[in-house]
Structure formats: structure tokens, C-alpha cells
Amino acid sequence: MSLTTIVILTMPDTAAQLVRELVRFYVRSQREQARCGDGGSTVRCHVLTELLREEGITQQALVQRLGLDKGWISRAVDTLVADGTVSKQASAQDRRSVKLALTPAGRLRASALEQDLDGHAAQLLARIPPARHGQVQESLQLLLDALSGEGKPRLCGSLELRRAASADWPAIARLLTDAGLPRDGARDHLDQFIVGEIDGELICAGGLEVDGTEALLRSVVVTTAMRGKGCARKLLDQLIQDCTSLGVTRLYLLTTAAQTYFSRSGFAVVDRAAIPEPVLRSREFQGACPASATAMALDLQPHSR
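Residues numbered from 1 in each chain as written. Predicted model: local features only at pLDDT ≥ 70, side-chain atom pairs only at ≥ 80, totals over all residues. Heavy atoms only, no water.

(A) Seen up close, the sheet that holds strand β9 (residues 268-269). Within the open sheet, the 7 strands sit side by side as β4-β5-β6-β7-β8-β10-β9. Their pairing is mixed. Each end of this open sheet is capped by a strand with a single partner; those strands are β4 (160-163) and β9. (Pairing = 2+ DSSP bridges. Helix = DSSP H or I, 4+ residues; strand = E, 2+ residues; numbered from the N terminus.)

(B) A look at the environment of V98. On the secondary structure map, V98 appears in strand β3 (residues 98-102). With a relative accessible area of 38%, V98 lands in the partly exposed category. On a C-alpha basis, the gap between V98 and G56 in space is 8.7 Å, while along the polypeptide they are 42 residues apart. Among all residues touching V98, those that are not within four sequence positions of it are I57, T58, Q59, K88 and Q89. (Buried < 20%, exposed > 50% of the residue type's maximum accessible area, 1.4 Å probe, protein only. Contact = heavy atoms within 4.5 Å.)

(C) Region of interest: the pairing of strand β6 (residues 201-211). Of all the 11 residues making up β6, 8 are buried; the element is thus mostly covered by neighbouring parts of the structure. Of the pairings in the sheet, the one linking strand β5 (residues 193-198) to β6 comprises 6 bridges and is antiparallel in character. Across the sheet, I198 pairs through a bridge with E201, a residue of β6. Connecting β5 to the antiparallel partner β6 that follows it, the hairpin turn spans 2 residues, and D199 within it adopts a positive phi of roughly 55°. Relative to strand β7 (residues 214-222), β6 is paired through 7 bridges, and the arrangement is antiparallel. By the bridge assignment for β7, A205 is matched with V221. Linkage of β6 to β7, two consecutive antiparallel strands, is achieved through a turn of 2 residues, within which G212 is found at a positive phi near 65°.

(D) Region of the structure containing a nonpolar patch on the surface. A contiguous nonpolar patch, built from V19, L22, V23, V27, L140 and L143 and spanning about 440 Å² of accessible area, is present on the exposed surface. Within the residue set of the nonpolar patch, elements represented by two or more residues are α2 (15-33) and α7 (133-148). With 4 residues, the top contributor of residues to the nonpolar patch is α2. Examined against the element boundaries, L143 turns out to sit in helix α7. (Patch = residues over 30% accessible without salt bridge, like charges linked within 9 Å, V, L, I, M, F, W, Y side chains within 5 Å. Areas by Shrake-Rupley, 256 points an atom, 1.4 Å probe, with all protein chains shown as cover. Salt bridge = Lys/Arg side-chain N within 4 Å of Asp/Glu carboxyl O.)

(E) A look at the sheet that holds β3. Strand order in the open sheet formed by 3 strands is β1-β3-β2, and the pairing between neighbours is antiparallel. The open sheet is flanked by β1 (57-58) and β2 (86-90), the only strands paired with a single partner. Looking at chain direction, β2 and β3 are connected through 5 bridges and run antiparallel. In the strand pairing of β3, S87 is matched with A101. The strands that helix α3 (residues 42-53) touches are β1, β2 and β3; relative to β3, the one it contacts most, it runs at about 90°. (Axes fitted to C-alpha atoms, helices over the stretch in contact; angles between N-to-C directions.)

(F) How the structure looks around the environment of S282. Within the secondary structure, S282 sits in the loop between α11 (277-280) and α12 (284-288). Overall, the relative accessible area of 6% leaves S282 in the buried class. For the pair formed by S282 and D184, sequence separation is 98 residues and the distance between their alpha carbons is 9.6 Å. For S282, the contacting residues outside a window of four places in its chain are E209 and L216. Side-chain polar atoms of S282 contact the backbone oxygen of V279, separated by 2.8 Å. (Polar contact = N/O pair within 3.5 Å; in protein donor to acceptor, adjacent residues only side chain to side chain.)

(G) Layout of the environment of T103. Of note, T103 is situated in the loop between β3 and α6 (104-126). For T103, a relative accessible area of 16% translates into the label buried. C-alpha of T103 to C-alpha of L80: the two residues are 23 residues apart in sequence and 10.0 Å apart in space. When sequence neighbours within four positions are dropped, the list of residues in contact with T103 reads G84, T85, V86 and S87.

(H) The packing of α3 against α6, seen in detail. Between α3 and α6, whose axes approach to 9 Å, the crossing angle comes to 100°. As far as their axial angle goes, α6 and α3 are roughly perpendicular. Contacts between α3 and α6 involve R44, C45, L48, T49, L52 and R53 from the former and G106, R107, R109, A110, S111, L113, E114 and L117 from the latter. Residues that form the contact of α3 with α6 fall into these classes: 6 nonpolar, 3 polar and 5 charged. (Parallel < 35°, antiparallel > 145°, perpendicular 65-115°, else oblique. Nonpolar A, V, L, I, M, F, W, Y, C, P; charged D, E, K, R; others polar.)

(I) Focus on helix α9 (residues 231-245). Between the first and last C-alpha of α9 there are 21 Å, a value that for 15 residues agrees with the 21 Å anticipated at 1.5 Å per step. Listed in full, the buried residues belonging to α9 are C231, A232, L235, L236, L239, I240, D242, C243 and T244. Following α9 by one or two positions, G247 adopts a phi angle in the positive range, close to 85°. (Expected span 1.5 Å × (residues − 1).)

Structure representation (C-alpha cells):
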């Protein structure tokens, strides 16, 4: 068999093969370019970023989510507990069940790692002509939807959005606390919050702080059980629609771990020095969010009234 023939046979020529090659090269590049930074193993990196997405899960749940050997996960968790980045807590419902959570030091470490991984992805995207970014984003979103939908029912189709009421605050506060998001100042703007319910259960919330043509998006949060099912997307779309109805032309936000998610919705990283003073006076910019949080903005078309 000639060398030419070998090359032809190993080149991907179907969509399925392209997906496999994409994953293979991306994982390799990520391991080489976006390491844990402090000498941590790849498995420990996976544990940290997974706990950043959802805390209070069991070690067995980590095994199932990451698809890795339970011995590897056990050793990684023990190391992270020993170095003070992960804590083990007995479940309030079942004292025999132990749940894992990031410590404050662990959250900082995981957030820094997440930013490194986001930066690596952004570097790859920068190699693609800007005119093709929309096409790439659409294709990746289709793949993401296909993967996140494996074996999962689409439950957010029955999501009902409505304006928040004062009686919703305890539930909203619990959502924010469980997700590790700031509550400071949120209640002061409850009249600009939207909540989402399924069968009468409040499962997501998000709000705005509007000042003329500028606004701050804050606290888009979804219950653990309903994440990854499209609820946040519906909620965000409604909040953006509210902005355009109010004549807002630029929407800002701060994030420690969701830069990639918001980038998919059109938000771009901005320098804090370019943010207008009314937005900078908000509680989130005044310390409720860490100084390491990334500032992003979305330009909106003025609403015709």
C-alpha cells in the first residue's frame, strides 16, 4: 500500500469522522496549552471545573459525569481535599451520603482554570476568519444541543416566565446562594427580575439594573436539576427583550465562570475603564463580585417606539 493511499484512508470524509477528529485535536491542544497551572493533574482539573458548574454533588455523580475511572476520581478528590480546595460535607437528607463542594480557595483556583480554558478556546476561534464565526457558532451549538440532549427529556418547553413578586425573594435568594452568586443589591431591583416556573415550581431567575440607555444583567441562575436544558437561554432572551423595550442600547455583566456561555449570546469582553459610571456604581461592580470577574457587554439596537 502506498503512502498516498494511507493518507487518504486516514483523512476524515464524513461529518461523524470530522466530529471525532475535532474532539481528538481539541482535547490534545487543551492539555498542552491550558494546563492546571499549578502542576495539577488533568483529572483534578476536571473535578475542579465540574464542581464550579455544580457544587454539592457526590463523588459517584462525578464519576458518572466525567466518565472516568472511580479510582482516579477518588484519588483526585482526596488530593484536592488535602490541599484545601475541596470540602466533603454530609448530606442533610442522608448522613451516609457525602457531597463535595469547592472551598473559597478552590473556587478561586477553579475560576482561574476556567478562564484559562476559555482563553484557549478564544485563541482557536481567532484563527478562523471573523466572517465565518457565525457559521462556526451555529454548528457548535447544534452539536452541543445534540450532546446535552442524549437521554434527557426536553423539560424546559413548559417553562413559564413572569415578573418577580416580593414573595419570590426567598426562593430567588436560595437559588443565588446555592449557585454561589452574589445577593448584594439584588432585592433592591426585584421589580426588574424575571422568574421561570415549571408546574408551579420556581426553577430560574434573572434580573436587570437599568439606568437610562445602559443596564446591568445580574444573577441569571437556574436550579441544579434544570441546568443545560435551555431554561437559561429562554430567560436571557426575555431579559434582553425587556432591555430593548426600555430603550437600553448596551447591556453589561460580570462573570467568573460563564464567559464562554455569554459569548455565544453575543456578549464581548470589555475593559472596565470603558464602562459608564452608573453601571460601575452597582453593588456587583462595587465588590459583590470578585475583582477577577470578567466584564462583558452586549450592544443592542435602539428600540423603535
